[in-house]
Structures are given as C-alpha cells and as structure tokens.
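# Observations on the three-dimensional arrangement
These are the residues of each chain, in order.
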Amino acid sequence: NGIFEGKSSAIELINRNNTDTEYIAFESNGDYSILDTALGVSPAKWRRYPTGGGSPITQIADSTYLPDSVRFFDTTHVHKVFTRAYIGVENITDTNGVTYATRKVHELAMQVDSIMSFHNPSLPETTTYTTDYWIAPTIGWIVKDSTSDGMSWTRIVLDGCTVH
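Residues numbered from 1 in each chain as written. Predicted model: local features only at pLDDT ≥ 70, side-chain atom pairs only at ≥ 80, totals over all residues. Heavy atoms only, no water.

### Here we look at the confidence of the model for the chain
Here the chain averages 78 in pLDDT, and 74% of its residues register 70 or above. Every residue in residues 159-164 is under pLDDT 50, and counting partners more than four places away or in other chains gives 20 contacts. (pLDDT = per-residue confidence, 0-100. Contact = heavy atoms within 4.5 Å.)

### Observations concerning the pattern of salt bridges
Evaluation of the coordinates by the stated rule reveals 4 salt bridges. Its salt-bridge partner being E27, residue K7 comes within 2.8 Å of it at the nearest N-O pair. Of this pair, K7 sits in strand 2 (residues 7-14) while E27 sits in the loop between strand 3 (21-26) and strand 4 (32-36); the two residues are 20 residues apart in sequence, bridging distant segments of the chain. A residue is classified by how much of its surface remains accessible, and K7, at 15% relative accessible area, is buried. (Salt bridge = Lys/Arg side-chain N within 4 Å of Asp/Glu carboxyl O. Helix = DSSP H or I, 4+ residues; strand = E, 2+ residues; numbered from the N terminus. Buried < 20%, exposed > 50% of the residue type's maximum accessible area, 1.4 Å probe, protein only.)

### So, the side chain of T131
Checked against the element boundaries, T131 lands in strand 10 (residues 125-136). A distance of 3.3 Å separates the side chain of T131 from the side chain of T147, its partner in a polar contact. Among all residues touching T131, those that are not within four sequence positions of it are V105, H106, E107, D145, S146 and T147. (Polar contact = N/O pair within 3.5 Å; in protein donor to acceptor, adjacent residues only side chain to side chain.)

### Some details on the packing of aromatic side chains
Enumeration over the complete set of coordinates arrives at 3 aromatic pairs. Here F26 and Y32 contribute two aromatic rings whose centre-to-centre distance is 5.1 Å and whose plane-to-plane angle is 55°, an arrangement assigned as tilted. The exposure class assigned to F26 is partly exposed, which follows from its relative accessible area of 29%. For Y32, a relative accessible area of 0% gives the class buried. With a centroid separation of 6.4 Å and an interplanar angle of 55°, the aromatic rings of Y32 and Y49 are classed as tilted. Of the two residues, Y32 sits in strand 4 while Y49 sits in strand 5 (residues 47-49), which places them 17 residues apart along the sequence. Each of the two residues, Y32 as well as Y49, counts as buried. An aromatic cluster is defined as three or more aromatic residues linked by ring pairs; in this entry it consists of F26, Y32, Y49 and Y133. Note that K7 overlies the ring of W46, its terminal NZ or CZ placed 5.5 Å from the centroid. When the ring centre of W134 is taken as origin, the NZ or CZ atom of K144, which lies over that ring, is 4.5 Å away. (Phe/Tyr/Trp six-rings, centres within 6.5 Å; stacked < 30°, edge-to-face > 60°. Lys NZ or Arg CZ within 6 Å of the ring centre and 35° of its normal.)

### Let's talk about the environment of Q59
Summarising the element assignment, Q59 is placed in strand 6 (residues 57-65). In sequence terms Q59 and R84 are 25 residues apart; their C-alpha atoms lie 8.5 Å from each other. Q59 has contacts with W46, R47, R48, K80, V81, F82 and R84, leaving out every residue within four places of it along the chain.

So, in structure tokens, the structure goes:
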C-alpha cells in the first residue's frame, strides 16, 4: 500500500500473466480505480469505475501509433471514449460457496480509428462495445466481466464465480 501516480491508497497487483503490474485504489467516495502498466503509467491512465453509486464517469484516451511493420503498417490515430455507470449491487458466489456483494458497473466504449496512409487520411472507423463489470470491494478486484462487441457476447468468469 502506498502513494502511486496520484493515488494515496494504491495497492500493487501482479496480473494473471505476470507480465505487467496493475494498481488498484479505492477513492474517498467509494469509486474504484485501476491502472494497468501495459497501457502506460501516468495519472491520466487510471480507469475509474463509479462503484460509489455516483454520477456516470466519462474518460477519454487518445493514442497515435507509428508504423511498425507488425501491428501498424500506417500511422494510426485512436480516439476512445469510455462512459461508465453504476448499476447496483449483485451477489456472486465462487466455486467454494463464498458469496461476494459486488458493485456492477456498465461501460459503453466508443473507439474511432483514423489511418494516415502515405499522407492520405482514411475515413474514420468507429467501433462501439459494452462491458459489464462486477467488482468485489471486499477482495478489491473484478470477479466477473461480460463484453459485447456488437456481434457476440463473451463471458469471462474469474475463479468460477456465478451470478445470483
């Protein structure tokens, strides 16, 4: 526990793949914040979830990727807008029969990709998707998430948790 990138109650976690470090922090109003070092480290990179039941939170992330001949063949500008809203409390039980009172948060994400190919801009491509998160304050982590990319649902249940 300690101060990290502007958060006085940051807790350092190692992610599932042991490749990047993640930090979590609970805000004074009960909101939950996550900083994933894979996304870069700065106070602006904290993702905030309104688990305290307050107003929806909107965060914007802008990135420019230069050609690398692997993932990006042209200069790509990515503009993301995340809007997260508190839904309510849901109980989730793990495979050991332990029940957690979770805070459910719904996220609407819009991403606009603009590609500059040989100094000619392409038409922007917009992708919208939603994700629901179930965050358990007692263990300080997301125990479940569910994502829709507009085509299909992908459910990820961590440690065998189920929703009641």
